[in-house]
Amino acid sequence: MTEVITVAGYGALSEAYEWLIRDENLSPVGAAARFEDLVTSLPPNARVLDCSCGTGQLAVGLAGHGLDVVATDASSGMIRRTTALAGEHGVRLDARQVSWEELTGRFEASTFDLVFCVGNSLGHAEGRRGRLAALASMAQLLRPGGRLVLTSRMWEVVRARGSRIDVRDRLIRRNGRDAVVIYHTQIAPDWEQEHHMEIAVTEVRPDGSLQTCAERLSFWPYRYEELVAQLQSLGLTVETTTLDSDGAGYLLVAQSGVGRLSDETGLPVAQA
């Protein structure tokens, strides 16, 4: 017998998210290790925001370094799991359900040394304008000289591959439980159109029955050059990037300038 749970907006997947995380990022220590150089360069008690925290591995790992960590996510399920993970590891952090557009209303400007938006989350911002607004909210929270840390799929490669179904070629084991993960990527004709990805995680229960959590997510891909141009328009300078045009994804670190102005759209732009 197969039980299927389908919810939109990472509702169901917040309960099965560990099967979507790479092995090296499963533990808080492992999730934070990727950013060790950035973390070790921070002053004691530096303030850090993870604004797409998922189930909290990175946020909890950063808190384990003694940082003042705020973890936000638009999904209440993700915040619940982040809070629980922090308790399991005995660390303190501030976890809140906050969307990107709500960030500047919930936190004071220029108060974070680092802002993380990782896990390919930025693609869920709605199109060019929605992405710019999300990045602007993150940029406004950075102290002068602070850094924004992004990870992203190489969307040029994703679109070139077209619509497709990808099935992992082996069972994934998490905490003694097995599951298979299936991705159905639906590519729209144009870059600015809404794209879709259906993700199904089918867990094999001890009695041999199956339980599937499935969600249909929207995403809006973007070119790397467009992302860099938007960051520059917000007064952010790309400091490092792992970009490889043939790769699956990249890490990008951008540094905040000393000040920003607003243009006619009301969004910040770099000072001349």
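All of these numbers come straight from a predicted model, not from anything done at the bench.

Enquirer: Explain the overall build of the protein chain to me, please; I cannot follow it from the model alone.
Expert: Assigned secondary structure in the protein chain consists of eight helices and 15 strands. Taking 272 residues into account, the globule formula puts the C-alpha radius of gyration at 19 Å, and the protein chain, at 19 Å, falls close to it. The principal-axis extents of the C-alpha atoms in the protein chain amount to approximately 65 × 50 × 30 Å. For the protein chain, the proportion of its 272 residues judged to be buried stands at 49%.

Enquirer: Explain unusual backbone geometry to me, please; I cannot follow it from the model alone.
Expert: Negative phi values dominate among residues other than glycine, just as trans dominates among peptide bonds. Here S110, not a glycine, exhibits a phi torsion of approximately 55°, which is positive. As for its placement among the helices and strands, S110 is situated in the loop between α5 (103-106) and β5 (112-117). Look at N175: it is not a glycine, yet its phi comes out positive at around 50°. Take N175: it is sitting in the loop between β8 (172-174) and β9 (177-186).

Enquirer: Teacher, can you tell me more about the side chain of T72 here?
Expert: In this structure, T72 sits in strand β3 (residues 68-73). Leaving out residues up to four positions away in the same chain, T72 has contacts with L49, D50, C51, S52, C53, I79, R96, V98, L103 and F107.

Enquirer: Looking at this structure, I do not really get the packing of helix α6 (residues 127-141) against helix α8 (residues 224-233). What am I missing?
Expert: Pairs of packed helices are described in terms of their axes, by the angle between the two and the distance that separates them. Contact geometry for α6 and α8: axes closest at 10 Å, N-to-C directions at 45°. With respect to their mutual orientation, α6 and α8 come out oblique. Both α6 and α8 take part in a crossing whose hand is right-handed. Residues R128, R131, L132 and L135 of α6 lie in contact with α8, whose contacting residues are E226, L227, Q230, L231 and S233. Split by residue class, the contact of α6 with α8 holds four nonpolar, two polar and three charged.

Cut-offs used in this document
Residues numbered from 1 in each chain as written. Predicted model: local features only at pLDDT ≥ 70, side-chain atom pairs only at ≥ 80, totals over all residues. Heavy atoms only, no water. Helix = DSSP H or I, 4+ residues; strand = E, 2+ residues; numbered from the N terminus. Rg over C-alpha atoms; globule rule 2.2 N^0.38 Å. Buried < 20%, exposed > 50% of the residue type's maximum accessible area, 1.4 Å probe, protein only. Contact = heavy atoms within 4.5 Å. Axes fitted to C-alpha atoms, helices over the stretch in contact; angles between N-to-C directions. Parallel < 35°, antiparallel > 145°, perpendicular 65-115°, else oblique. Left-handed = near helix turned anticlockwise from the far one by under 90°. Nonpolar A, V, L, I, M, F, W, Y, C, P; charged D, E, K, R; others polar.

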